Amino acid sequence: MGRTIKLKKGFDIKIVGSPKEEILSNFTSSTFSVKPTDFKGLSPIPKVVVTVGDEVKAGDTLFFDKKRPEIKYASPVSGEIVEVRRGDRRAIAEILILADGKQEYRDLGSINPSTASREDLVKFLLDNGCWPFFRQRPFNVIAEIDEIPKNIFVSGFDTSPLAPNLAFAIKESGNDLATGFEVLKKLTSGKVHYNTGPGQSAPSLSGVEVNSFSGPHPAGNVGIQIHHIDPINKGDIVWTLNVQDVVALGRAVGGRFNTERLISVGGAVKQSGYVRTYIGASIAGMLKDNLNGDNVRVISGSALSGNGVGADGHVGYFQNAVSVLDEGNQYELFGWLFPSYARPSLSRSFSGFLRPNKEYKVNTNTNGEPRAFVNTGLYQRVLPMDLYPMQLLKSILYNDFDQMEGLGIYEVVEEDLAICEFVCPSKTRMQEILAEGMETIMEQG
Amino acid sequence: MQFLRNQLDAIEEKVKDNKYLHTTFDAIHTFLYKPNHVSKASGGVHIHDGMDLKRTMFMVVVAMQLALVFGMWNIGHQHYAAHGMMQGLGEGLFTKFLFGMFQMLPIIVVANLVGLGIEFIFAAKRGHAVEEGFLVSGMLIPLIMPPAVPLWMVAIATAFAVIIGKEAFGGTGMNPLNIALLARVFVFFAYPTEISGDSVWVVENAPNFINSMLGLGAPAGQALVDSFSGATPLALAAKGGWSNVLSQYTVSEMFWGTIPGSIGETCKPAIIIGALMLIGMGIASWRIMLSMIIGAAVMGLLLNLGGEFISVSMLKLPEANPFFAVPWYYHYIMGSFFFAMAFMATDPVTAAQTNTGKWIYGFLIGVCGIIVRVMNPAYPEGWMLAILFCNVFAPLIDNYVIQSNIKRRLARGH
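The rules behind each value
Residues numbered from 1 in each chain as written. Chains lettered and ligands numbered in written order. Predicted model: local features only at pLDDT ≥ 70, side-chain atom pairs only at ≥ 80, totals over all residues. Heavy atoms only, no water. Helix = DSSP H or I, 4+ residues; strand = E, 2+ residues; numbered from the N terminus. Rg over C-alpha atoms; globule rule 2.2 N^0.38 Å. Buried < 20%, exposed > 50% of the residue type's maximum accessible area, 1.4 Å probe, protein only. Contact = heavy atoms within 4.5 Å. Areas by Shrake-Rupley, 256 points an atom, 1.4 Å probe, with all protein chains shown as cover. Lys, Arg positive; Asp, Glu negative; His and termini not counted. Charge placed at Lys NZ, Arg CZ, Asp CG, Glu CD. Pairing = 2+ DSSP bridges. Buried area = accessible area lost by both parts, 1.4 Å probe. Salt bridge = Lys/Arg side-chain N within 4 Å of Asp/Glu carboxyl O. Polar contact = N/O pair within 3.5 Å; in protein donor to acceptor, adjacent residues only side chain to side chain. Nonpolar A, V, L, I, M, F, W, Y, C, P; charged D, E, K, R; others polar. Axes fitted to C-alpha atoms, helices over the stretch in contact; angles between N-to-C directions. Parallel < 35°, antiparallel > 145°, perpendicular 65-115°, else oblique. Left-handed = near helix turned anticlockwise from the far one by under 90°.

J.: Could you clarify how one ought to interpret the overall build of chain A in this entry?
T.: Counting secondary structure elements, chain A contains 11 helices and 21 strands. Here the C-alpha atoms of chain A give a radius of gyration of 21 Å, agreeing with the 22 Å that 2.2 N^0.38 yields for 445 residues. Along the three orthogonal principal directions, the C-alpha set of chain A runs to about 65 × 50 × 45 Å. Across the 445 residues that make up chain A, the buried fraction comes to 62%. Look at the contacts in chain A between residues 6 or more apart in sequence, and 69% of them connect residues 24 or more apart. As displayed, chain A has an accessible area near 16700 Å², and 48% of this comes from carbon and sulfur atoms. A gap of 4 Å separates the mean positions of the 47 positive and 52 negative side-chain charges of chain A.

J.: How should I be thinking about the sheet that holds strand β8 (residues 79–86) of chain A in this particular structure?
T.: By definition, the strands of a sheet pair up through backbone hydrogen bonds, in either a parallel or an antiparallel sense. Residues and elements named next belong to chain A. Here we have four strands laid out as an open sheet, ordered β3-β9-β8-β5, and antiparallel in their pairing. Edge positions in the open sheet fall to β3 (31–34) and β5 (55–56), since each of these has one partner strand only. As paired strands, β3 and strand β9 (residues 92–99) are joined by four bridges and run antiparallel to one another. Its bridge partner being in β9, Val-34 is matched across the sheet by Ile-95.

J.: What exactly am I supposed to notice about helix α6 (residues 133–143) of chain B here?
T.: Side chains that are three or four residues apart share a direction in an α-helix, a result of its 3.6 residues per turn. Residues and elements named next belong to chain B. The element α6 is extensively covered by neighbouring structure, given that 10 of its 11 residues are classed as buried. All of the buried residues in α6 are Gly-133, Phe-134, Val-136, Ser-137, Gly-138, Met-139, Leu-140, Ile-141, Pro-142 and Leu-143. Where α6 is buried, its residues contact α3 (53–63), α4 (65–82), α5 (93–126), α7 (151–166), α8 (179–190) and α14 (337–344).

J.: Hey, could you run me through the interface of chain B and chain A in this one?
T.: In many analyses, interface size is given as the accessible surface area lost on bringing the parts together. Every contact between the two is made by 62 residues of chain B and, on the other side, 78 residues of chain A. Buried surface at the junction of chain B and chain A, summed over both partners, amounts to about 6100 Å²; 53% is from carbon and sulfur atoms. At the boundary of chain B with chain A, the tally comes to seven salt bridges. Salt-bridge contacts for Lys-54 of chain B lead to Glu-369 of chain A; the nearest nitrogen and oxygen are separated by 3.7 Å. Our count for the contact surface shared by chain B and chain A stands at 40 residue pairs in polar contact (both at pLDDT 80 or more). Its residues assigned to classes, the side of chain B that touches chain A shows 25 nonpolar, 23 polar and 14 charged. When strand β21 (residues 332–333) of chain A meets strand β1 (residues 33–34) of chain B, the two strands line up antiparallel, connected through two bridges.

J.: What exactly am I supposed to notice about the pattern of salt bridges here?
T.: Two side chains bearing opposite charge may form a pair once their charged atoms approach each other closely. In this structure the tally under the stated criterion is 32 salt bridges over all chains. Of the charged contacts in the structure, one is a salt bridge between Glu-432 of chain A and Arg-429 of chain A, with a shortest N-O distance of 2.7 Å. Glu-432 of chain A gets classed as partly exposed once you look at its relative accessible area, which sits at 25%. Across the pair Glu-167 of chain B and Arg-126 of chain B runs a salt bridge, and its minimum N-O distance is 2.9 Å. Here the residue Glu-167 of chain B occupies a position in the loop between α7 and α8, and Arg-126 of chain B occupies one in helix α5, the gap between them amounting to 41 residues. What makes Glu-167 of chain B buried here is its relative accessible area of 5%.

J.: Please clarify how the packing of helix α1 (residues 118–127) of chain A against helix α3 (residues 176–187) of chain A should be interpreted in this entry.
T.: To characterise two packed helices, one gives the angle between the axes of the helices and the distance between these axes. All names here are of chain A. With their axes 9 Å apart at the nearest point, α1 and α3 run at an angle of 120° to one another. On the basis of the axis angle, α1 is oblique to α3. Here α1 runs over α3; the crossing is left-handed. Counted together, Arg-118, Leu-121, Val-122 and Leu-125 of α1 and Val-183, Lys-186 and Leu-187 of α3 form the full contact between these two elements. Of the residues that constitute the contact of α1 with α3, the class distribution is five nonpolar, no polar and two charged.

J.: For this particular structure, what's the right way to read unusual backbone geometry?
T.: If a residue is not glycine, its phi is most likely negative; likewise, a peptide bond is most likely trans. Cis geometry marks the peptide bond from Arg-137 of chain A to Pro-138 of chain A, where omega comes out at 5°. Within the element layout of this structure, Pro-138 of chain A appears in the loop between β10 (135–137) and β11 (141–142). Even without glycine at this site, Gln-103 of chain A takes up a positive phi of about 50°. Residue Gln-103 of chain A is classed as buried on the basis of its relative accessible area of 8%. Although it is not a glycine, Met-86 of chain B sits at a positive phi angle of roughly 45°. With respect to the helices and strands, the residue Met-86 of chain B is situated in the loop between α4 and α5.

Okay, here's the thing in structure tokens:
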């Protein structure tokens, strides 16, 4: 039986336009993209095995890492390869597939996760494009093939602003979720933890620890949950997956690389809701006639950790949301002192704390300029971990490996410190600093 | 408003090549307008909290305003009362306030001109924006000066504090010692003969040039009243204990602040309201404030109970120091305990930065402050030295807290 964990620290950022529980559109023929840059630990120039003009089916391999050729990265849809886009220094930026709309699947064969050996199961997942679903902590890299993780964690809810309701997203997944968890159980020597949010009915999954979490953001971040269930110590390796990818795993072992999922659309849009599509979908179709204006930022992922990909971009591999925000590129007369519009803030120097449920119209303005660290207690107020974020970031800035390790760099990834970055009055780019620190340790540690 | 915007854009175009002019322009520009900067498109948050450092610092300044207004009135009240004029609290309310305001304004102007001037120059040299830290220091420095402080002394003290205390270490956020206290301690130690004794806490004979010009203040030649001493409660307590204090001031006078002292420190309710504002807004640490109150209580109580023993057996004094016997709870209303607690000890840059550290830091200040105040015959107020002392220790305290976090993390793995 799982545990019930109530977190108090944190801060919910409430934004106008949270996704309504309705389907705006279903899968249509459009472009899909797979970006090697979404996968941490993948070398920048993977071996691309398709060329422009090739017809692929969903589940056909697109590319693999030259360092770890066993891990295949598969196409989420059937259709034609229309472009292999290159970025800096010839790195592969993305591979674009024009879906034919028929969605034909390569027959993967099937495997029974309960009876197959771990070895066979791993081989099946590697060959069929399922391995990249597994992300390994520390550092959020694509899982090592030879490692057996201490535990596997799946968060069943998302507390970030404009987040999709994951319970709604997997409502119609039927038995695939349970099958997916069967796969996970085979892969770890420890436990599989499925962490559900407040008010979520816990499915009965035999052999899976179903924990119940509650609390403000970042309670839904799997990193925070790991910290409270079985924290990552030096030398530990744990894996995490998105819950919609667990469903996809369940389908894959039945024979199809079917990544169908719901992507939420929210923020400064006329109509918020969900779009039923596959991994890497084009955003243009989702936002057609749905934008309020031109001066907006279209983000794949959340307003705290997503990527601004633009209205003609694609949803990232691990992201389940499209967030649209007004750009904040306007001056505001005495805006720092007398705000001309309400804005979310942890600080009670704004009147917002009197109306905790108010939703805000936000924009991308930094609301101030970058400064040295001055304020101190704030970060601990919003981070429900036994960890000192400012001291950790400083240890990264002065490059002290022992200190980074001691202060818990193995326990966090960028999204876990995003809420600290949001509240920081000195506008410190915390996620960027953390990413640099993790990079340095991976290279030299 | 578009006119102002256009003018600013035109000026920016003109000054952008001169770094000194541009820094100055930028500081004024960002004061008038919240910049149009947007978050980066990737690698960080897209939305930011409405709070920034400017607003944080400004709120601290706002929290000091009651103490400032009362302080101005009190300068006038003390001045007139000393000369035997308008001794009632309600008499000449406006005249006293005007007198105090004109006495105070030059101090504020000088502290800010000198401090901000140095900040602007250093910011331009470094190619940084002007940081907001001095907004608070520029208000604190005048508030902790004695009313009769000469302006040149304010200028030199401010320059010393900002250059040596802050810019030498890299600017706002990097200073190990509290800037305002550094200015105060400079005045105290550099000019011991000018700024000591009982004569500096009340503006006596010579009001400053503005007041002279306007004809405010007691007429020249008006003698001080016989009973006037100008001594602060602490000076009285050091000489003769609590009964000596009561011979001059009542408890309620000390609480409400109609007594001589540094400009901002006397009115306890005004300061407590400011402190509550800061706690309510989540800007200053309630942990530091509360633990400082506890620390002072513990030390005060210890001295009450063991006064005889400590004086005679340990310090080899001929008899018990009467200051030891001042009831511990009266320590709060004498001198600048609350002011130091609300605005000095809580400075986030120089205080301990971890929550556990803040408890220890505040408690230590409380203990040390009482020790300096009571046991040190040279200087009857302890908070300035206690806070500076604990500023130095804050990184060490934090280091222990951090090390214990690291140990906890290591132990977990076994």
